[in-house]
Amino acid sequence: MKAIRRFTVRPVLPEPLRPLSELARNLRWSWHAETRDLFQSVDPGRWASCGGDPVRLLGSVRPARLAELARDRRFLRRLTAAADDLDDYLGGERWYQAQPAGLPAAVAYFSPEFGVTAALPQYSGGLGILAGDHLKAASDLGVPLIGVGLLYRHGYFRQTLSRDGWQQEHYPVLDPNELPVRLLKAADGTPAQLTLALPGGRRLHARIWLAQVGRVPLLMLDSDVEENDLGERGVTDRLYGGGSEHRLLQEMLLGIGGVRAVRTYCRLTGHPEPEVFHTNEGHAGFLGLERIAELGAQGQDFDAALEAVRAGTVFTTHTPVPAGIDRFDRELVARHFGPDAELPGIDVARVLRLGTETYPGGEPNLFNMAVMGLRLAQRANGVSLLHGRVSREMFSGLWPGFDPDEVPITSVTNGVHAPTWVAPEVLRLGAGEVGAHRAEDALTVGDAERWDRFAGIPDEDIWELRRELREHLVAEVRERLRASWRQRGAGTAELGWIDGVLDPGVLTIGFARRVPSYKRLTLMLRDRDRLTDLLLHPERPVQIVVAGKAHPADDSGKRLVQELVRFADDPRVRHRIVFLPDYGMAMAQKLYPGCDIWLNNPLRPLEACGTSGMKAALNGCLNLSVLDGWWDEWFQPDFGWAVPTADGVGTDPERRDDIEAAALYDLLEQRVTPRFYERGRSGLPDRWIEMVRQTLTLLGPKVLAGRMVREYVERLYTPAAHAHRALTPDAARELAAWKARVRAAWHGVSVDHVDHVATAAATATAELGATLGLRVLVALGELGPDDVEVQAVSGRVDPEDRIDDATAVPLKPTGGADLEGCWVYEGPLSLDRTGPYGYTVRVLPAHRLLASGAEMGLVALPLR
């Protein structure tokens, strides 16, 4: 029989054990080994069966065991120490509190998914894991962040395989009462709730669940409430599920509802109001519209409110291809805004203009969430240096007249939260070498000085660590593989071969990620005979562990999974290559440490960052990757190998895959496996061990989320907070009026004449160090010199006279306007580089409250 009602019966903890409840509800346990060890000791068997989830553990442990622990002095001492340690962590000063004054009072961080722990399955892949690591690193650093997301009742799907290797999806129902979250409640105990208006007089209601991520609150909105009709209850059903309107409602709830949730949380708890709003991808872009509406309710007009909102907003783009951006039909968006729906005080036409693709090749009937995100944020960034360049190219049409290098999108390279991803065995080795406190600081704050001490770890200790981690992985793989085959319908009698799967002494390669086509899951299968020879080599064999999920609607991705699974099912090689279904955080935490090589072979440059290789590196795993994302930025031969790419203009996709697969096989055969198996005088693979040491010592501090969050604070959050404070209501009105005046008058701005005089050179050639005196005649029309900056832009030129690595120098007006309203600007131009050299002149809008000269997308250039 099936129950007609479901609810959770919580245990009543004996008084001495009450601190266990607070320890379980703060997700710091997910990266704090001592707290996890404490919970494991409550009931080791149940801890394993609960998947390492303290909330589920406490909900299932026997009362007799709780009574026994309440009398166990040793356990109570450990409990007191863990509770005191959490109190110190939550209340003590950390990196942020030691910085100079002027930092943001608070930052709101919005993301459609958060991968904090497997016990809170609200993520699908890298975007969510990155967001979870961002929160955890902010907590460790003491950054006053508020996370904002949605609570999906089915999360992302669980993956199994059919007997013939086809991916199958399952959506378990998640009961929030069984998750490490609690309802945000008002002082009278009633749950806090917010409402969005929908077309036709309908309403979308949502509750706010709170997950405490160390010092950082994570607010998660849930539409599965009784006040909603059936359709509205399902808005937060699945991550990335449903059609266009379903996705639009999710993103309206995340952005608009998220701002309202933040306001409610701050009012109920006294938390400082955010000065900066950070949107992790365009999904939460509507948050800017809600903040404009807030200012409109305080008397600001739309244009002034837009300037005030932009000043305090940071937008991070994660996609290197237009197809990866959410785009909605304009009519659908228009129907959900305006007098009969949400934000009635904002003209629908203004909303639509924010998301219009106004650049060449843009679709005028689509509303682009990333375009809106860029227009609503004064500061934007990509997630690696290469991705920043790709993003500037991709969005350059929003800033016509500017070279892509000048598009105002910077880069902050992603990082990973080391305490989450570093294996306990690695942590113990590091702590033994440098001390527990110094090791913790090295993993969280991340400056290189603390990592130098890892260079002294003896070779034999490193090699023993790698062997131990490989053994753990082999045991994990066999257990998961056996469970997978049982799900595929195999009986126990068929599975004896699994006891011989993988070998702790064999070079182990890992490959695990989502399965879109550009990540090329099956590149390793291009030449199956050659791969088989690698797997079965009599002296230098390799073994490969593969995992990954295809999107439920992506049949081509599912076919890639099936192709890989069928190869791995072959009895000739199945002891050397395995596919593990249901890739997630719990599996990843076992997989990264146990691999010797982390393989990544995307189509360059389609990997925005790709953080899985970072997590592997922190465990002493070497990277074997295409030069894309973060690897393009930090690759050194000491850290691994770069797979050559064939990304020339004339190479068709099939030919390119063949070339790059052959290059991958060559590397494995000629360089990777010989180095792993060769032995030095000590009988150890000393050259391999040195690469592991260099990876830990030199690459380790670079790939940390602590380094990433510090960069966000210093380069984006703090300037955004200063800009937010400067945009008082009067200043916002002034800036909005000035921009409107400049845009209206810009047609009258032109560069009419440019001349130069060489002070120490001939005319066609010049000597290094010479100076040119520039004289420029500029028409400003209805504008004046205070509205613009006239610049000389110079640098080396290519054969087509394009300026490379340009330097801009402002010129000064001399005297007043002539009878035709033209101004003369003059200034020196130093010739500071040799070779082909050139210059041009341009006019940009200039105002003290602009973040950059390119912000308005206006420029006047000589007609030539």
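Look up a bit, the structure's there.
Because the structure is a prediction, the values reported are computed rather than measured.

Colleague: What's the story with the overall build of the chain in this structure? I'm lost.
Modeller: Check the secondary structure of the chain and you find 29 helices and 27 strands. In terms of C-alpha radius of gyration, the chain reaches 29 Å, essentially the compact-globule figure of 29 Å for 864 residues. Dimensions of the chain along its principal axes, counting C-alpha atoms only, are 95 × 70 × 50 Å. In the chain, 73% of the contacts between residues at least 6 apart in sequence involve partners at least 24 apart. When the accessible area of the chain is evaluated, it comes to approximately 35400 Å², of which 50% is carbon and sulfur surface.

Colleague: In this structure, what is going on with unusual backbone geometry? I would like to understand it.
Modeller: Following R604, the chain continues into P605 via a peptide bond in cis, with omega recorded as 5°. Tracing the chain through its elements places P605 in the loop between β18 (597-600) and α24 (612-617). The residue E281 is not glycine, and still its phi comes out positive at about 75°. As for its position among the elements, E281 is in the loop between β9 (276-280) and α10 (287-297). At R520, a residue that is not glycine, the phi angle is positive and equals roughly 55°. Looking at where R520 falls in the secondary structure, it is placed in the loop between β15 (507-512) and α21 (528-535). Since its relative accessible area comes to 5%, R520 is described here as buried.

Colleague: Got a minute to help me understand the nonpolar core in this structure?
Modeller: Side chains of nonpolar character tend, in soluble globular proteins, to be buried together. Counting 104 residues, the largest nonpolar core has M524, I597, L624, W641 and W688 as the members making the most contacts within it. Residue contributions to this core peak at nine residues, all from helix α20 (residues 459-487). Filtering out sequence-adjacent residues up to four positions away, I597 remains in contact with L507, T508, I509, G510, C621, L622, L624, W641, V672 and W688.

Colleague: Which parts of the structure should I look at to understand the environment of Q250?
Modeller: For Q250, the location among the structural elements is in helix α9 (residues 244-269). For Q250, a relative accessible area of 4% gives the class buried. In sequence terms Q250 and H283 are 33 residues apart; their C-alpha atoms lie 8.6 Å from each other. Once you skip the residues sitting within four places of it in the chain, Q250 turns out to touch L150, Y152, V235, T236, D237, R238 and Y240. At 2.9 Å, the side chain of Q250 and the backbone oxygen of R238 are in polar contact.

Colleague: Before we go on, may I ask you to explain the packing of aromatic side chains in this structure?
Modeller: How two aromatic rings sit relative to each other is given by the distance of their centres and the angle of their planes. Within this structure, the stated rule accounts for 19 aromatic pairs. Relative to Y677, the ring of F676 lies with its centre 4.9 Å away and its plane at 80°, an arrangement referred to as edge-to-face. The class of F676 is buried, set by a relative accessible area of 1%. An aromatic cluster of three or more residues is present, and its members are W463, W641, F676, Y677 and W688.

Colleague: Honestly, the side chain of D596 in this entry has me stumped. Any pointers?
Modeller: Inspection of the secondary structure assignment puts D596 in the loop between α23 (585-594) and β18. For D596, a relative accessible area of 1% translates into the label buried. Excluding anything up to four places from it in sequence, D596 contacts R466, R470, V506, L507, T508, C621, L622, F676 and W688.

Colleague: Explain the environment of F328 here, please?
Modeller: Take F328: it is sitting in strand β11 (residues 327-329). Classification of F328 by relative accessible area gives buried; the value is 3%. Remark: the alpha-carbon pair of F328 and T673, spanning 345 residues in sequence, is separated by 49 Å. Not counting chain neighbours up to four residues away, the residues in contact with F328 comprise S244, R247, L248, E251, V333, N365, L366, F367 and M369.

Colleague: In this structure, what is going on with the packing of α10 against helix α11 (residues 302-311)? I would like to understand it.
Modeller: Between two packed helices, the angle of one axis relative to the other and the distance separating the axes together describe the packing. Taken N-terminus to C-terminus, the directions of α10 and α11 make an angle of 125°; their axes are 9 Å apart at the nearest point. With respect to their mutual orientation, α10 and α11 come out oblique. Taken as a pair, α10 and α11 cross one another with a handedness that is right-handed. Across the interface between the two elements, G288, R291, I292 and L295 of α10 pack against F302, A305, L306, A308 and V309 of α11.

Colleague: Whenever I open this one, the sheet that holds strand β23 (residues 788-797) confuses me. Can you help?
Modeller: Spatially, β24-β23-β27 is the arrangement adopted by the three strands of the open sheet, whose pairing is antiparallel. This sheet does not close on itself; its edge strands, each paired only once, are β24 (803-810) and β27 (837-845). Within the sheet, the average angular offset between the axes of one strand and its neighbour, ignoring direction, is 30°. Bridge analysis of β23 against β27 gives nine bridges, and the strand direction is antiparallel. Looking at the pairing, V788 lines up with P845 of β27.

Colleague: Hey, could you run me through the pairing of β23 in this one?
Modeller: Across a regular strand the side chains alternate sides, sitting on one face of the sheet and then on the other. Where burial is concerned, most of β23 is hidden: eight out of the ten residues are buried. Sheet topology places β23 next to β24; six bridges connect them, and they run antiparallel. Across the sheet, R796 pairs through a bridge with D804, a residue of β24. Hairpin geometry of β23 and β24 is characterised by an intervening segment of five residues between the two adjacent antiparallel strands and by a positive phi of about 65° at D801.

Colleague: Is there a simple way to think about the sheet that holds β15 in this case?
Modeller: Two strands in a sheet stick together by hydrogen bonds in their backbones, pointing the same way (parallel) or opposite ways (antiparallel). The strand order across the open sheet formed by six strands is β17-β16-β15-β18-β19-β20, and the pairing between neighbours is parallel. Here the strands that pair on one side only, and so sit at the sheet edges, are β17 (577-580) and β20 (640-643). The sheet shows a mean angle of 20° between the axes of neighbouring strands, taken without regard to direction. In the sheet, β15 pairs with strand β16 (residues 542-547) via six bridges, with the strands oriented parallel. For A512, the partnering residue across the bridge sits in β16 and is A547.

Colleague: I would appreciate a short explanation of a negative patch on the surface in the present structure.
Modeller: Among the surface-exposed residues, E22, D84, D87 and D88 lie close enough to one another that they form a single negatively charged patch. Of the residues forming the negative patch, the biggest block, three residues, is contributed by helix α6 (residues 73-91). Here D87 shows up in helix α6.

Colleague: Mind showing me how you'd approach helix α26 (residues 653-677) here?
Modeller: Working note: α-helix, 3.6 residues per turn, so residues spaced by three or four point in the same direction. With 25 residues, α26 should cover 36 Å at 1.5 Å per step; its first-to-last C-alpha distance of 34 Å lies within 8% of that length. Along α26, the sharpest kink reaches roughly 40°, centred on L668. Sitting at the head of α26, D652 places a side-chain oxygen 3.0 Å from the backbone nitrogen of E654.

Colleague: Where do I start with the packing of α20 against α23 in this structure?
Modeller: Close contact between α20 and α23 brings their axes to 8 Å; oriented N to C, the two are set at 140°. As judged from the angle between their axes, α20 and α23 are oblique. Relative to α23, the crossing made by α20 is left-handed. In contact with R466, L469, R470, L473, E476 and R480 of α20, α23 contributes A586, M587, K590, L591, P593 and G594. Residue classes in the contact of α20 with α23 are distributed as six nonpolar, one polar and five charged.

Colleague: Would you mind showing me how to read the pattern of salt bridges here?
Modeller: Evaluation of the coordinates by the stated rule reveals 59 salt bridges. A salt bridge links R848 to E734; the nearest nitrogen and oxygen atoms lie 2.9 Å apart. Of this pair, R848 sits in the segment after β27 while E734 sits in helix α29 (residues 729-745), and the two are 114 residues apart along the sequence. The exposure class assigned to E734 is partly exposed, which follows from its relative accessible area of 33%. The closest approach of N and O atoms between D798 and R802, which form a salt bridge, is 2.9 Å. Given the relative accessible area of 24%, D798 is considered partly exposed.

What counts and what doesn't
Residues numbered from 1 in each chain as written. Predicted model: local features only at pLDDT ≥ 70, side-chain atom pairs only at ≥ 80, totals over all residues. Heavy atoms only, no water. Helix = DSSP H or I, 4+ residues; strand = E, 2+ residues; numbered from the N terminus. Rg over C-alpha atoms; globule rule 2.2 N^0.38 Å. Contact = heavy atoms within 4.5 Å. Areas by Shrake-Rupley, 256 points an atom, 1.4 Å probe, with all protein chains shown as cover. Buried < 20%, exposed > 50% of the residue type's maximum accessible area, 1.4 Å probe, protein only. Core = buried A, V, L, I, M, F, W, Y, C linked by side-chain atoms within 4.5 Å. Polar contact = N/O pair within 3.5 Å; in protein donor to acceptor, adjacent residues only side chain to side chain. Phe/Tyr/Trp six-rings, centres within 6.5 Å; stacked < 30°, edge-to-face > 60°. Axes fitted to C-alpha atoms, helices over the stretch in contact; angles between N-to-C directions. Parallel < 35°, antiparallel > 145°, perpendicular 65-115°, else oblique. Left-handed = near helix turned anticlockwise from the far one by under 90°. Pairing = 2+ DSSP bridges. Patch = residues over 30% accessible without salt bridge, like charges linked within 9 Å, V, L, I, M, F, W, Y side chains within 5 Å. Salt bridge = Lys/Arg side-chain N within 4 Å of Asp/Glu carboxyl O. Lys, Arg positive; Asp, Glu negative; His and termini not counted. Charge placed at Lys NZ, Arg CZ, Asp CG, Glu CD. Expected span 1.5 Å × (residues − 1). Bend = angle between axes of the 7 residues up to and from the residue. Nonpolar A, V, L, I, M, F, W, Y, C, P; charged D, E, K, R; others polar.

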